[in-house]
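Below are the chains, spelled out letter by letter.
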Amino acid sequence: MQLTGLKYGRRLLDLVEFPVSQVLTEDASHDEINELIASHGGKCIVKPVFLGGVGKKGKAGLVRICSNVFDAMVAKRDLFFATHHQGNREVQACGVTFEGYIASDIEIYVSISESSEYRMPVLLLTTKGGVDVEDVPPEDKRTIVFNPVTGVKSFHINDALRELKCPPQYISSLVQHLPKLWQVYDNYGLTTLELNPIRMGKVKGRYVPFACDIKASFDQDNPAWKRLGYPEEIFSTTITQFESEINVLRTHQGQSDVTEVNPKGTILPFIFGGGANSAATEILADRAIISSDFGGNPPYEKIRAIADITFKHWLPQANVVLLIGGRANNTNIFTTFKAIFDSLREHIRLNPDVFVVAGRGGPMVVEGMVYGRDVLDSLRVPYRFFGHDSSMMSVLQHAIEIDSFLEPKPVAVAPKQIKAKAA
């Protein structure tokens, strides 16, 4: 569950009185837009509103800086239903925002997210914001590790900013406001909170950090986000038929989160766990048909229903069916494997030439793999299983190698014979 942009995101920041650039929605009158432009140095920014977590709008040319109401209304007309490519899918805007322009000679990036390295939330900070943080050199950003019990403190921010050689006139205000982001993150069920950029504007002669864009991801199994009063539809981009069928299965018994990544992909992954989901989606890239997170010890009936829907939609085009996850703590591997392999046995007629790769660890993993072996042997389906002592990266790489081997090879066309004419 994700949201981007200030139309809905500013509600999060208002909870802790974090400064936000002024925002008007598409319903704003000409007078209101004129006043916004006049009060922000003669400029405003017009952005399309996309539901869900849709980024990189600026790189796609979907952000306009306007200096008068006429240009702002032209931008509104052009961007109101703008289309944007997010990965392998096309999404459509449903409105615009008019945002006050904050003149600043520095842009700050800050995020709080779960770290697989430290196994806890960390804060990432750089004074080279306004771009993808991955493009910022390591020496220009700092990862702040803090105690989640006590949260982010002022000295964490102060030390990091001084190491980054932040201009001294900005440090005091940032030290005052940035620790507030932990309150939002910790109290409302977030898994990621990102402000990019924060621009330093002046209010009554004092520098103030203004959030100019926001991205937030929520844990839908944590009910704390419901206290915000957001309608669930704001977290959704265009829902495909496959995603809508899986969403019906969402219950308190285990997770069933799926995203259609590439409808032309050739690896069909059943992924268990958020860490495995992140790694597998990144490594498999466009080969993956879906991105999924099936975990939380789901019952047989739920995984069987998920597998039935998934195979019905995607098995005919798959070269590889992949079962992948880390070492489970409480998920019964035998139950999940039995459900998936029972479903595969029922649907194998859709694609009898598929290859199965599985890499798992956890309770009843041996029993699950033995059951899978017996089913696949009876179906004469080739497979390879990896145990808990195998690297997840090696399992993913093996699936890619099998997929490459099974790709249709281009048919060589013999060159046409050229007949020489007699002189």
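All residue numbers here refer to positions counted from 1 along the written sequence of the relevant chain. A pLDDT threshold of at least 70 governs which residues receive local features in this predicted model, and a stricter bar of 80 or more applies before side-chain atom pairs are shown or counted, although totals over entire chains, interfaces and linings include all residues. Side-chain numbers come from the whole structure's heavy atoms, not from hydrogens or water.

UniProt positions are given in the numbering used here, feature names are shortened, and annotations may be inferred rather than shown by experiment. In its Catalytic activity (unreviewed entry) section, the UniProt entry covering the protein states "oxaloacetate + acetyl-CoA + ADP + phosphate = citrate + ATP + CoA".

**Notes on the overall build of the protein**
In terms of regular secondary structure, the protein is built from twelve helices and 19 strands. When accessible area is computed with a 1.4 Å probe and restricted to protein chains, residues below 20% of their type maximum are described as buried, those above 50% as exposed, and intermediate ones as partly exposed. Within the span of the protein, comprising 423 residues, buried residues form 49% of the whole. Two residues qualify as a contact provided that any one of their heavy atoms is within 4.5 Å of a heavy atom in the partner residue. Considering only contacts in the protein between residues 6 or more positions apart, those separated by 24 or more positions represent 69%. A run of DSSP states H or I qualifies as a helix once it reaches four residues; a run of E qualifies as a strand once it reaches two. Both are numbered from the N-terminal end.

**Some remarks on the packing of helix H9 (residues 300-314) against helix H10 (residues 333-347)**
Axes are the key here: two packed helices are described by the angle between their axes and the distance separating the axes. Two elements in contact, H9 and H10, have axes separated by 8 Å at closest approach and are oriented at 35 degrees. Our pair here, H9 against H10, has a crossing hand that is right-handed. Residue-level contacts link Tyr300, Ile303, Arg304, Ala307, Asp308, Phe311 and Lys312 of H9 to Thr335, Thr336, Lys338, Ala339, Ile340, Asp342, Ser343, Leu344, Glu346 and His347 of H10. Of the residues belonging to the contact of H9 with H10, the class tally is seven nonpolar, four polar and six charged. For every element, the axis is a line fit to its C-alpha atoms; helices are fit only across the contacting stretch, and the angle between N-to-C directions ranges from 0 to 180 degrees. Whether a crossing is left-handed or right-handed is set by the direction in which the near helix is turned from the far one by less than a right angle, anticlockwise for left-handed and clockwise for right-handed. Lys, Arg, Asp and Glu make up the charged group, whereas Ala, Val, Leu, Ile, Met, Phe, Trp, Tyr, Cys and Pro make up the nonpolar group; the residues left over, Gly among them, are polar.

**Here's the deal with the sheet that holds strand S2 (residues 23-25)**
Only when DSSP finds a minimum of two bridges between them are two strands counted as paired. The sheet built from four strands is open, its strands ordered S2-S7-S3-S4 with antiparallel pairing. Of all strands in the sheet, those with a lone pairing partner are S2 and strand S4 (64-66), marking the two edges. In this sheet, adjacent strand axes meet at a mean angle of 25 degrees when their direction is disregarded. Two elements, strand S3 (residues 44-48) and S4, share three bridges in a ladder whose sense is antiparallel. In the sheet register, Cys44 faces S4, and the bridge partner there is Cys66.

**A look at the pattern of salt bridges**
Just to be clear on terms, a salt bridge is a Lys or Arg side-chain nitrogen sitting within 4 Å of an Asp or Glu carboxyl oxygen. Within the structure shown, the criterion is met by 14 salt bridges. Of the charged contacts in the structure, one is a salt bridge between Glu107 and Arg199, with a shortest N-O distance of 2.3 Å. Placement of the pair is Glu107 in strand S8 (residues 107-115) and Arg199 in strand S11 (residues 190-203), with a sequence separation of 92 residues. Accessibility expressed as a relative area gives 22% for Glu107, which makes it partly exposed. For Arg199, a relative accessible area of 13% translates into the label buried.

**Considering helix H1 (residues 6-14)**
Those residues of H1 that sit buried are Leu6, Gly9, Leu12 and Leu13. What you see down the axis of H1 is that its buried residues fit within an arc of 115 degrees, all on one side. The arc in question is formed by the directions pointing from the helix axis toward the C-beta atoms.

**Details of empty space enclosed by the protein**
Both cavities and pockets are sets of points on a 1 Å grid over the protein atoms alone; in a cavity a 1.4 Å probe fits but cannot get out, in a pocket the set is open with protein on both sides within 12 Å along at least five of seven lines, and lining residues sit with an atom within 4 Å of a point. Grid points are joined across faces, edges and corners, and a volume is the space filled by probe spheres set on the points. Using the criterion set out here, one finds two cavities of 30 Å³ or more in the structure. Counted as a void, the largest cavity has a volume near 80 Å³. Taken together, Thr4, Gly5, Leu6, Lys7, Lys47, Pro48, Val49, Phe50, Lys57, Thr97 and Glu99 form the lining of the largest cavity.

**Observations concerning the packing of aromatic side chains**
For Phe, Tyr and Trp, rings pair up if their centres lie within 6.5 Å, where Trp contributes its six-membered ring, and each pair is then called stacked (planes under 30 degrees apart), edge-to-face (over 60) or tilted (otherwise). In this structure the tally under the stated criterion is nine aromatic pairs. Both rings, one in Phe334 and one in Tyr371, keep their centres 5.9 Å apart while their planes meet at 85 degrees; by these two values the pair is edge-to-face. With Phe334 in helix H10 and Tyr371 in helix H11 (residues 365-379), the pair connects residues that are 37 residues apart, well separated along the chain. Using a relative accessible area of 25% as the deciding quantity, one classes Phe334 as partly exposed. Here the aromatic rings of Phe341 and Phe385 are separated by 6.2 Å at their centres, their planes lie at 45 degrees, and the arrangement is tilted. Taken together, the residues Phe341 in helix H10 and Phe385 in strand S19 (residues 383-386) connect sequence positions 44 residues apart. Grouping aromatic residues by their ring pairs yields a cluster made of Phe337, Phe341, Tyr383 and Phe385. Sitting over a ring, as applied to charges here, requires NZ of Lys or CZ of Arg to be within 6 Å of the ring centre and within 35 degrees of the ring normal. When the ring centre of Tyr101 is taken as reference, the NZ or CZ atom of Lys43 above it lies at 4.9 Å.

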